[in-house]
Protein chains: 2
Amino acid sequence: MINELIQQITKKDAPIVVGLDPMLSYVPQHIQKKAFEEFGETLEGAAEAIWQFNKGIVDATCDLIPAVKPQIAMYEQFGIPGLISFKKTVDYCKEKGLVVIGDAKRGDIGSTSTAYAVGHLGKVTVGNKTYAGFDEDFLTVNPYLGSDGVNPFVDICNKENKGIFVLVKTSNPSSGEFQDQLIDGRPLYELVAEKVVEWGEQCMGDTYSNVGCVIGATYPEMGKALRKLMPKTYILVPGYGAQGGTAEGLKPYFNADGLGAIVNSSRGIIAAYKQDAYSRFGEENYADASRQAVIDMIADINNAIK
Amino acid sequence: MINELIQQITKKDAPIVVGLDPMLSYVPQHIQKKAFEEFGETLEGAAEAIWQFNKGIVDATCDLIPAVKPQIAMYEQFGIPGLISFKKTVDYCKEKGLVVIGDAKRGDIGSTSTAYAVGHLGKVTVGNKTYAGFDEDFLTVNPYLGSDGVNPFVDICNKENKGIFVLVKTSNPSSGEFQDQLIDGRPLYELVAEKVVEWGEQCMGDTYSNVGCVIGATYPEMGKALRKLMPKTYILVPGYGAQGGTAEGLKPYFNADGLGAIVNSSRGIIAAYKQDAYSRFGEENYADASRQAVIDMIADINNAIK
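Residues numbered from 1 in each chain as written. Chains lettered and ligands numbered in written order. Predicted model: local features only at pLDDT ≥ 70, side-chain atom pairs only at ≥ 80, totals over all residues. Heavy atoms only, no water.

Undergrad: What is the right way to read the state of the cysteines from this model?
TA: Simply put, the disulfide is a covalent bond whose two ends are the sulfur atoms of two cysteines. All names here are of chain A. Enumeration according to the criterion identifies zero disulfides over all chains in this entry. Just so you know, cysteine 157 is unpaired, no disulfide at all, and the nearest cysteine sulfur is the one on cysteine 203, 4.9 Å from it. Cysteine 157 sits in the buried class, given a relative accessible area of 2%. (Disulfide = S-S within 2.5 Å. Buried < 20%, exposed > 50% of the residue type's maximum accessible area, 1.4 Å probe, protein only.)

Next up, the structure:
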């Protein structure tokens with residue numbers, strides 16, 4: 001699956017991914033109104049609103065971007081109706097030719113990780129038939145439980161040609177609380193990075209591994225050190241824009257081949273119409289604002305790395 | 001919510017929790033057959049089968065046990081229909097007066113953890129109304145992202161009288177890969193434990209905190225050390241039985257008040273009828289086998305700790 005992602009990135013000359021993390025407060029009034037008229041102020045109404053919101057953004061940007069990263073928490077907060085919108089979003093994005101990175105940060109003991117891997121990346125057996133539950137292309141994975149919590153994902157990646165991104169150094173302010181702790185003089189995130197390389201060797205694409213990692217844009221020095229430690233690992237980079245990461249800081253996340261990283265922006269794209277820079281589009285034309293924000297982000301990143 | 005859990009444990013004299021982690025292979029043929037006749041060999045059929053299986057076990061054991069711990073991965077593997085069965089199971093167990101610990105091991109950056117906390121423990125706002133998405137009583141939480149990934153759960157616990165169990169030392173064989181790494185001579189899980197105590201102080205019940213932790217039964221020496229480090233933290237203990245933890249080894253997980261820990265068994269209870277010790281019940285009477293396994297487990301644990 002990493003091959004397909006790289007092909008899309010190269011074709012569209014856009015090392016970016018749009019985070020489809022809809023808060024109801026991002027959804028323009030006209031969409032909320034229509035959804036609530038049909039379903040009431042209910043979970044179903046909220047779920048319809050975020051789905052229509054997503055669809056507008058996907059339609060307006062899918063020719064420009066290689067991938068989307070829906071954050072499942074934003075759907076899970078609306079219970080079952082929210083998760084139905086998550087699934088609709090995944091399916092629609094795949095129909096539009098986009099690579100879908102499910103941002104779920106799952107991870108558990110072996111047998112349980114197998115269930116997550118099956119549900120999100122693989123197929124579950126029911127009697128004599130098999131079904132894909134959510135069918136994303138990639139999933140983000142939490143490494144705290146160690147190899148036997150990650151290996152089931154790697155196995156399914158091999159079986160189904162899928163991929164994962166394992167959390168190494170996250171973008172949030174307290175990520176250092178545990179991740180930066182020194183073990184024999186080296187931070188924990190480096191130990192995790194070494195394991196990611198090991199897991200990744202079992203699941204290689206043509207030039208990069210199907211086992212990628214997550215390193216926040218907010219820690220560029222660490223990104224630089226980690227890039228060297230894991231040359232064949234694709235880096236999913238959250239934290240650009242709204243969280244404070246800059247394009248200039250992202251340069252060391254990329255390899256000399258111009259590949260090796262894909263930068264996420266969520267709020268910065270999907271709620272672009274709320275920013276001064278794009279307010280001229282107006283709330284009704286939120287999707288056009290998102291399109292312009294995508295164009296600007298691609299230019300910003302490409303200027304910095306080329 | 002920890003008060004309610006302790007009250008239930010004391011009333012039933014049973015420091016145990018039944019892990020409702022149904023694999024389709026655990027579900028007796030007559031239940032599968034009926035579900036597939038109605039819904040076909042589909043995700044809906046599988047979801048119906050695990051729901052009916054759960055219901056049988058809950059009906060047969062709810063007078064004996066204080067709590068259940070459905071593992072959401074086992075439902076998520078069947079996609080949306082599976083999650084509908086998860087929600088049905090949560091609701092049914094609450095109707096039966098049981099405390100429900102959602103084993104979801106969620107955790108993310110702050111705004112995303114808020115969405116998970118709202119979805120599983122709190123209420124989400126839609127227009128002028130609020131709704132509970134999944135509405136468990138407790139949720140398990142992964143600490144790898146640090147305080148700002150955990151605090152949103154603590155906030156919701158305070159607001160809604162709910163609780164969490166934070167992973168400290170998990171039961172699986174590779175848990176030591178990162179969790180046991182020494183930082184200034186002390187293992188990472190101890191640093192996490194110290195933070196759990198800190199988070200817990202912000203969310204106290206009468207005698208214990210609403211912020212508990214997870215420590216596997218498979219590491220009794222570590223359990224002993226951690227018990228001393230976190231006297232007011234309730235310990236959720238997976239790994240008893242099928243994973244190899246013994247009742248004798250669990251003694252140090254409890255405080256002198258006879259409280260402080262709740263021991264989980266999943267397979268050992270829900271698939272009891274498949275074990276030699278309970279095969280006399282037969283597949284048709286799987287729920288009676290589960291009831292007997294619960295009785296035996298309570299006796300085993302109480303003998304060891306009293």
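Undergrad: Which parts of the structure should I look at to understand the interface of chain A and chain B?
TA: Many structure descriptions define interface size as the accessible area lost when the parts assemble. Each partner contributes to the interface: chain A provides 70 residues, whereas chain B provides 70 residues. For chain A, the biggest contributors to the area lost against chain B are Glu41(A), Tyr144(A) and Phe178(A); these three give 16% of the whole. If you look at where chain A meets chain B, you find four salt bridges. Among the salt bridges present, the one from Lys105(A) reaches Asp108(B), with a minimum N-O distance of 2.9 Å. Counting the contacts that link chain A with chain B gives 29 residue pairs in polar contact (both at pLDDT 80 or more). Per element, the largest residue contribution to the side of chain A that touches chain B is seven residues, and it comes from helix 6 (residues 110-120) of chain A. Residues that form the side of chain A that touches chain B fall into these classes: 35 nonpolar, 24 polar and eleven charged. (Contact = heavy atoms within 4.5 Å. Buried area = accessible area lost by both parts, 1.4 Å probe. Salt bridge = Lys/Arg side-chain N within 4 Å of Asp/Glu carboxyl O. Polar contact = N/O pair within 3.5 Å; in protein donor to acceptor, adjacent residues only side chain to side chain. Helix = DSSP H or I, 4+ residues; strand = E, 2+ residues; numbered from the N terminus. Nonpolar A, V, L, I, M, F, W, Y, C, P; charged D, E, K, R; others polar.)

Undergrad: Can you help me understand the side chain of Lys12(B) in this one?
TA: Residues and elements named next belong to chain B. Relative to the assigned elements, lysine 12 resides in helix 1 (residues 2-12). For the buried lysine 12, no salt bridge is present, and the opposite-charge side chain at shortest range is aspartate 63, 7.4 Å distant. A polar contact is formed between the side chain of lysine 12 and the backbone oxygen of cysteine 62, at a distance of 3.1 Å. For lysine 12, the contacting residues outside a window of four places in its chain are Cys62, Asp63, Leu64, Ile65, Pro66 and Leu98. (Lys, Arg positive; Asp, Glu negative; His and termini not counted.)

Undergrad: Can you walk me through the sheet that holds strand 11 (residues 235-237) of chain B in this structure?
TA: In sheet architecture, strand pairing relies on hydrogen bonds along the backbone and comes in two forms, parallel and antiparallel. Residues and elements named next belong to chain B. The strand order around the closed barrel formed by eight strands is 1-2-3-6-7-10-11-12, and the pairing between neighbours is parallel. In terms of strand pairing, strand 6 (residues 138-141) meets strand 7 (residues 163-169) through four bridges, oriented parallel. Considered in strand 7, the bridge of valine 141 is made with valine 166. Contacts between helix 9 (residues 188-201) and the sheet are confined to strand 7 and strand 10 (211-215), with strand 7 contributing the most and set at about 165 degrees to the helix. (Pairing = 2+ DSSP bridges. Axes fitted to C-alpha atoms, helices over the stretch in contact; angles between N-to-C directions.)

Undergrad: Would you mind showing me how to read the packing of helix 6 of chain A against helix 7 (residues 147-160) of chain A here?
TA: All names here are of chain A. The interhelical angle for the contact between helix 6 and helix 7, taken along N-to-C directions, is 35 degrees, at an axis separation of 8 Å. Between helix 6 and helix 7 lies a crossing of right-handed hand. On helix 7, the residues touching Gly110, Ser113, Thr114, Tyr116, Ala117 and Val118 of helix 6 are Asp148, Gly149, Pro152, Phe153 and Ile156. Class assignment of the residues belonging to the contact of helix 6 with helix 7 gives a composition of six nonpolar, four polar and one charged. (Left-handed = near helix turned anticlockwise from the far one by under 90°.)

Undergrad: Can you walk me through the confidence of the model for chain A in this structure?
TA: Low pLDDT marks stretches whose predicted atomic positions should not be read closely. With 100% of its residues at a pLDDT of 70 or more, chain A shows a mean pLDDT of 97. Both confidence scores are given for the complex: pTM 0.98, ipTM 0.97. (pLDDT = per-residue confidence, 0-100.)

Undergrad: Help me understand the layout of surface pockets, please; the structure alone is not making it clear to me.
TA: Of the pockets and cavities examined, the largest pocket occupies roughly 540 Å³. As for the largest pocket, its lining consists of 36 residues, and the residues nearest its centre are Ile109(A), Ser111(A), Thr112(A), Asp21(B) and Met74(B). Elements with a contribution of two residues or more to the lining of the largest pocket: helix 6 and strand 4 (124-126) of chain A together with strand 3 (99-106), strand 12 (261-265) and helix 12 (267-270) of chain B. Grouping the amino acids of the lining of the largest pocket by side-chain chemistry returns 14 nonpolar, 16 polar and six charged. Its volume calculated, the second largest pocket comes out at about 400 Å³. Among the elements of the structure, strand 3 (99-106), strand 12 (261-265) and helix 12 (267-270) of chain A together with helix 6 (110-120) of chain B are those that each provide at least two residues to the lining of the second largest pocket. Of the residues that constitute the lining of the second largest pocket, the class distribution is nine nonpolar, twelve polar and six charged. (1 Å grid on protein atoms, 1.4 Å probe; cavity = no way out; pocket = protein on both sides within 12 Å on 5 of 7 lines; lining within 4 Å. Points joined across faces, edges and corners; volume = space filled by probe spheres on them.)

Undergrad: Is there a simple way to think about the relation of the copies chain A and chain B in this case?
TA: These two copies of the chain differ by a rotation about an axis and a displacement along the same axis. Superposing chain A onto chain B takes a rotation of 180 degrees plus a shift of 0.0 Å along the axis, which leaves an RMSD of 0.0 Å. The superposition operator between the copies reduces to a two-fold rotation axis. Judged by C-alpha distance, Ile183(A) is the residue of chain A that lies nearest the rotation axis, at 2.7 Å. The share of interface residues of chain A whose copies in chain B are also at the interface is 100%, consistent with both copies meeting through the same surface. (Least-squares fit on C-alpha atoms with pLDDT ≥ 70 in both.)

Undergrad: Would you take a moment to explain the packing of aromatic side chains for this structure?
TA: The final tally for this structure, using the stated rule, is 14 aromatic pairs over all chains. Arranged with centres 5.9 Å apart and planes meeting at 65 degrees, the rings of Phe86(B) and Phe134(B) form a pair that is edge-to-face. Within this pair, whereas Phe86(B) is found in helix 5 (residues 79-95), its partner Phe134(B) is found in the loop between strand 5 (129-131) and strand 6, the two being separated by 48 residues in sequence. The exposure class of Phe134(B) is buried, given its relative accessible area of 0%. Counting every residue linked through ring pairs, the aromatic cluster contains Phe53(A), Tyr273(A) and Tyr286(A). Just above the ring of Tyr219(B) sits the side chain of Lys169(B); from NZ or CZ to the centre is 4.0 Å. (Phe/Tyr/Trp six-rings, centres within 6.5 Å; stacked < 30°, edge-to-face > 60°. Lys NZ or Arg CZ within 6 Å of the ring centre and 35° of its normal.)

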